[in-house]
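What follows is each chain in one-letter form.
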Amino acid sequence: MKMYQQSITLPKARRGFHLITSAILHGAPGIRDFRKGLCQVFIQHTSASLSINENADPTVRADFETWFNKAVPENDPDYRHDLEGPDDMPAHIKASLLGSSVLIPIVDGRLGLGTWQGIYLCEHRDHGEARNVLVTCWGE
Amino acid sequence: MKMYQQSITLPKARRGFHLITSAILHGAPGIRDFRKGLCQVFIQHTSASLSINENADPTVRADFETWFNKAVPENDPDYRHDLEGPDDMPAHIKASLLGSSVLIPIVDGRLGLGTWQGIYLCEHRDHGEARNVLVTCWGE
Amino acid sequence: MKMYQQSITLPKARRGFHLITSAILHGAPGIRDFRKGLCQVFIQHTSASLSINENADPTVRADFETWFNKAVPENDPDYRHDLEGPDDMPAHIKASLLGSSVLIPIVDGRLGLGTWQGIYLCEHRDHGEARNVLVTCWGE
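Residues numbered from 1 in each chain as written. Chains lettered and ligands numbered in written order. Predicted model: local features only at pLDDT ≥ 70, side-chain atom pairs only at ≥ 80, totals over all residues. Heavy atoms only, no water.

### Examining the interface of chain C and chain A
By a frequent convention, interface size equals the accessible area lost on bringing the separate parts together.
Okay, so step 1: Counting residues at the interface gives 33 residues for chain C, matched by 30 residues for chain A.
Okay, so step 2: Buried surface at the junction of chain C and chain A, both sides included, amounts to about 2600 Å², of which 62% is carbon and sulfur.
Okay, so step 3: Taken as a group, Met 1, Asp 63 and Trp 67 of chain C account for 23% of the area that chain C buries against chain A, more than any other trio of residues on that side.
Okay, so step 4: Across the contact surface, chain C and chain A share two salt bridges.
Okay, so step 5: The salt bridge partner of Asp 76 of chain A is Lys 70 of chain C, with a shortest N-O separation of 2.7 Å.
Okay, so step 6: Here the side of chain C that touches chain A takes nine residues from helix H2 (residues 58-71) of chain C, the largest share from any one element.
Okay, so step 7: For the side of chain C that touches chain A, the per-class residue count stands at 18 nonpolar, nine polar and six charged. (Contact = heavy atoms within 4.5 Å. Buried area = accessible area lost by both parts, 1.4 Å probe. Salt bridge = Lys/Arg side-chain N within 4 Å of Asp/Glu carboxyl O. Helix = DSSP H or I, 4+ residues; strand = E, 2+ residues; numbered from the N terminus. Nonpolar A, V, L, I, M, F, W, Y, C, P; charged D, E, K, R; others polar.)

See the structure below:
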């Protein structure tokens, strides 16, 4: 068994849900050197997150943004952490609901995703920065 | 260290939360060949998900369905992705809230779950298909 | 590649969100023996969970408690699992929303967390017990 680690900087993205499967595969070409293994993508931030979901219809990603904005409202008067703007505390909560990493099996040198699965960058800030992700793979 | 990978097809399940710990152990008997390691179960779909929760009282699983149906309502007029029926977009959101995989330590040839923990298949579609999961284990 | 596994008992915590990064590093000193690898922390309970989020401002953790209590209300008359008190069923749901484990890359003998990331113990019961976590690391 061997291990591979690659840091990738994803360019600034607008608030919302974005497909990054190709960006990960291009930024971490070592993924294809594993016949059988695992690939973790980990985001080193607390107001953006990663998820796996539908990779074809952009309205799915738009509806994710709609639902999360209703479920985690801005400007709740009960929030105490509000110095960085109304989108800040909701961004932290959304990030924990979705999680800071995805873990995907590698099968025959490819990510073992289902036909309709892609990796999402979930940018929860109005003006998020470039986001660092660490890709770590291990296996045979 | 060694690695083991096994694909399992879970039969069609009705909408709701289902215990699949035994199905995983039977479908991936190689789990018990690891003294110390990790076991990932990954679901290759975007409208069903996996989670770990209470394994004894079926009313817990029923209450999960109740809560998720209230929290992620069908027929929100703001959804744009609705061609496949009212349960489709909510299914995608529920799937990302719960996640597409669980990762469980292996201790002495057994899943290192707590006494009350079991693996749930979370089927979010009214008429879901059979679901493919990939089990990947690594360790000593 | 090598593997390391360590069980840690976290002392009883009050209901809420608690930073445990230091407790994990002290309880599992073997983490620092990996130059490149992964570290999983897994909680063996169904009414407490783990997450990664902001490690500096305690009001963030307070606001997490506020949001989760509104999003997953107690005493919903539709809950059927209520024998262990009004905080029991919501605790199970919160635990699955956040997840039973976190998985963090190891880079040069340290957890590869971003500057503002810390590990949270999310205690969802009013009177939770001491909580067992299993730390498993693998890599070079």
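So, next bit.
### Thoughts on the interface of chain B and chain A
Okay, so step 1: Listed per partner, the contact involves 30 residues of chain B and 33 residues of chain A.
Okay, so step 2: Overall, the association of chain B and chain A removes approximately 2600 Å² of surface from exposure, summing both partners, and the carbon and sulfur fraction of that is 63%.
Okay, so step 3: Seen at the junction of chain B and chain A, the total is two salt bridges.
Okay, so step 4: Residues Asp 78 of chain B and Lys 70 of chain A are paired through a salt bridge, measuring 2.7 Å at the closest nitrogen-oxygen approach.
Okay, so step 5: Counting every contact that joins chain B to chain A gives 14 residue pairs in polar contact (both at pLDDT 80 or more).
Okay, so step 6: Broken down by element, the side of chain B that touches chain A gets its largest block of residues, six residues, from helix H3 (residues 88-98) of chain B.
Okay, so step 7: Of the residues that constitute the side of chain B that touches chain A, the class distribution is 15 nonpolar, eleven polar and four charged. (Polar contact = N/O pair within 3.5 Å; in protein donor to acceptor, adjacent residues only side chain to side chain.)

### What about the pattern of salt bridges?
Okay, so step 1: Under the criterion given, the structure shown has 36 salt bridges over all chains.
Okay, so step 2: Arg 15 of chain A is paired through a salt bridge with Glu 74 of chain A; the nearest N and O atoms lie 2.7 Å apart. Linking Arg 15 of chain A in the loop between strand E1 (2-10) and strand E2 (16-19) with Glu 74 of chain A in the loop between helix H2 (58-71) and helix H3 (88-98), this pair joins segments that are 59 residues apart in sequence.
Okay, so step 3: Its relative accessible area of 18% is what places Arg 15 of chain A among the buried residues.
Okay, so step 4: Since its relative accessible area comes to 28%, Glu 74 of chain A is described here as partly exposed.
Okay, so step 5: Between Glu 140 of chain C and Arg 35 of chain C there is a salt bridge whose closest N-O contact spans 3.0 Å. Placement of Glu 140 of chain C in the segment after strand E8 (131-139) and of Arg 35 of chain C in the loop between helix H1 (21-27) and strand E3 (36-43) is noted, with a sequence separation of 105 residues between them. (Buried < 20%, exposed > 50% of the residue type's maximum accessible area, 1.4 Å probe, protein only.)

### Concerning the relation of the copies chain B and chain A
Note that the two copies of the chain are related through a rotation about an axis and a translation along the same axis.
Okay, so step 1: Of the transformation superimposing chain B on chain A, the axial component is 0.0 Å and the angular component is 120 degrees, with the fit at an RMSD of 0.0 Å. Seen this way, the second copy is the image of the first under a three-fold rotation axis. Using C-alpha coordinates, one finds that chain B approaches the rotation axis most closely at Leu 97 of chain B, a distance of 3.4 Å.
Okay, so step 2: An asymmetric contact is evident, with only 13% of the interface residues of chain B recurring at the interface of chain A. (Least-squares fit on C-alpha atoms with pLDDT ≥ 70 in both.)

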